[in-house]
Amino acid sequence: MKLGVVLGAGGTVGLAYEAGVLMALKELGGVDAAEADLLVGTSAGSIAAAHLRSGWSVEDLWRSARGEQPNLLGATDEEAARRRDELLPPAFASPADALLRVVGSGWILGRSLVRWPMPQIPGLTLALPSGLLKMSAGDDVFADTLSDTWPERELYLSAVDTISGRRVVFGRPGSPRATLHQAVLASCAVPGVFAPVRIGRRVLVDGGIHSTTHLDLAVKASCELVIAVVPMAFTPEDPPDIAHQLLRRMPARWVAKEAAYARARDVEVLLLRPTAAEVSLHGLNFLRRDRWTEIAEAGYQSTAAALATDRFRAALDGHHRRRRGGTRSSGI
């Protein structure tokens, strides 16, 4: 039985949330995302998925989110604290540069939201640089932690081409060639916030512009069970206040539509989304630098509650039995 784990967009908040969810899935549900047949990552989810395919364990992500080791999300020692302080520094050097970047970022954002081809304007990107923040103060963000080569096990990372308006899926057969490092940076290039990433003739931005999950990729890859972690949506049975619902409405609709698409094709889908309390904890700033430990721990607890439900137990029990060569479970 082919298992796909989908890790959605959500900034630094989403990365901490996903660390908690994946830890609970492994400890309590017996599902190790690092061993999934397919990993699909978008934006923050691409960071987690790429590291899991580069030799990191779920426990590494968990310890990172909790600041217990010096890597992605900071740690307790001096070097890690310095790296955390350097996260997301300004990309502009002067007020004039900032103004140019505001205009350039507006152009890139507009192009990202339009889904039809548009010819390039020679020199425009150079004349109007975009991106108000850098991914890191260093030029080699993720260079020390990601694999130098594309992983052998299936990994799909999504981005959007601002020229054609089409989705680009790195790692899928027939897709453009890129290093793992390039693909992650492209998938994380939030238009208007970070500069787009050039790969060949393509000018790429965050895949979350078209979908924060791209769950359909797992369906098209013949996965029979898809577990999707969706930091930017919310649990329908426990919705947050109106302001947070409005902010998360589009991601919630996207993933609901994608889940319906999967189920119509007899694919079992398990969605893990933040509860109302978690949404309040996450706040309105998906790039916040604080409370990562609390966010990860809350994700662990909400996932533990989901795993205790009849639906999750039946689906995962059936998955484990089929992995062992048993028969399909009933009642799902």
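Given the structure is predicted, the values throughout are model-derived calculations rather than measurements. (Residues numbered from 1 in each chain as written. Predicted model: local features only at pLDDT ≥ 70, side-chain atom pairs only at ≥ 80, totals over all residues. Heavy atoms only, no water.)

So, the overall build of the protein
We apply this condition: To qualify as a helix, a DSSP run of H or I must reach at least 4 residues; to qualify as a strand, a run of E must reach at least 2; elements of each kind are numbered from the N terminus. Under the scheme applied here, a residue whose accessible area is under 20% of the maximum for its type counts as buried, over 50% as exposed, and between as partly exposed, the area being computed with a 1.4 Å probe on protein chains only. Any two residues whose heavy atoms approach within 4.5 Å at even a single point are treated as in contact. Residue-level accessible areas treat just the shown protein chains as cover; the underlying method is Shrake-Rupley with a 1.4 Å probe.
Looking only at helices and strands, one finds 12 helices and eight strands in the protein. By residue count, 55% of the 332 residues in the protein fall in the buried class. The long-range fraction of contacts in the protein, counting pairs at least 24 apart against all pairs at least 6 apart in sequence, stands at 74%. By element, 54% of the accessible surface of the protein is carried by carbon and sulfur atoms, the whole surface being about 14,800 Å².

Some details on the nonpolar core
Short version of the rule: Residues belong to a common nonpolar core when they are buried Ala, Val, Leu, Ile, Met, Phe, Trp, Tyr or Cys residues joined through side-chain atoms within 4.5 Å.
Formed by 62 residues in total, the largest nonpolar core has its most connected members in Leu-22, Leu-52, Phe-170 and Ile-227. With 10 residues, helix α1 (residues 11-29) is the largest single contributor of residues to this core. In this structure Phe-170 touches Trp-150, Leu-155, Tyr-156, Leu-157, Ala-159, Ser-175, Pro-176, Ala-178, Ala-183, Ala-186, Ile-199 and Leu-204, once residues within four positions along its chain are discounted. Core analysis: the second largest hydrophobic core is formed by 24 residues, Tyr-156, Val-169, Ala-228 and Val-230 among them.

Side note on the side chain of Ser-187
Along the polypeptide, Ser-187 turns up in helix α7 (residues 180-187). Owing to a relative accessible area of 0%, Ser-187 belongs among the buried residues under this scheme. In this structure Ser-187 touches Gly-41, Thr-42, Ser-43, Ser-46, Ser-158, Ala-159, Asp-206 and Gly-207, once residues within four positions along its chain are discounted.

A word on the packing of helix α2 (residues 44-52) against α7
Note the following rule: Throughout, an axis means a line fitted to C-alpha atoms (over the contacting stretch in the case of helices), and angles, computed between N-to-C directions, take values from 0 to 180 degrees. Angle categories are assigned with fixed cut-offs, so that under 35 degrees is roughly parallel, over 145 is roughly antiparallel, 65 to 115 is roughly perpendicular, and the rest are oblique. With the far helix as reference, a near helix turned anticlockwise by less than a right angle produces a left-handed crossing, and one turned clockwise produces a right-handed crossing. Note on residue classes: Ala, Val, Leu, Ile, Met, Phe, Trp, Tyr, Cys and Pro are nonpolar, Asp, Glu, Lys and Arg are charged, and everything else, Gly too, is polar.
One way to put it is that α2 packs onto α7 with a least axis distance of 8 Å and a crossing angle of 160 degrees. Considered as vectors, α2 and α7 are oriented roughly antiparallel to each other. Relative to α7, the crossing made by α2 is right-handed. Counted together, Ser-46, Ile-47 and Ala-50 of α2 and Leu-180, Val-184 and Ser-187 of α7 form the full contact between these two elements. By residue class, the composition of the contact of α2 with α7 is four nonpolar, two polar and no charged.

A closer look at the packing of aromatic side chains
Condition: Classification of ring pairs uses Phe, Tyr and Trp, with its six-membered ring standing for Trp, and accepts pairs whose centres are within 6.5 Å; under 30 degrees between planes counts as stacked, over 60 as edge-to-face, and the remaining range as tilted.
If you walk through the whole model with that rule in mind, you get one aromatic pair. Ring centres of Trp-62 and Tyr-300 lie 5.6 Å apart, and the angle between their planes is 45 degrees; this geometry places the pair in the tilted category. Of this pair, Trp-62 sits in helix α3 (residues 58-65) while Tyr-300 sits in helix α11 (residues 292-307); the two residues are 238 residues apart in sequence, bridging distant segments of the chain. Each of the two residues, Trp-62 as well as Tyr-300, counts as buried.

Focus on the pairing of strand β8 (residues 268-272)
What counts is decided by this rule: By definition, two strands form a pair when at least two bridges between them are found by DSSP. Handedness of a crossover is defined as follows: with both strands directed away from the viewer, a clockwise route from the first strand across the helix to the second makes it right-handed.
Of all five residues in β8, five are buried, a share of seventy percent or more. Residues Glu-268, Leu-270 and Leu-272 of β8 are buried on one face, and the alternating residues Val-269 and Leu-271, pointing to the opposite face, are buried as well. Pairing geometry for strand β7 (residues 225-229) and β8, over five bridges, is parallel. From the neighbouring strand, Val-226 faces β8, where its bridge partner is Val-269. For the crossover that starts at β7, traverses helix α9 (residues 242-263) and ends in the parallel β8, the hand is right-handed.

By themselves, these observations are geometric and do not establish any function.
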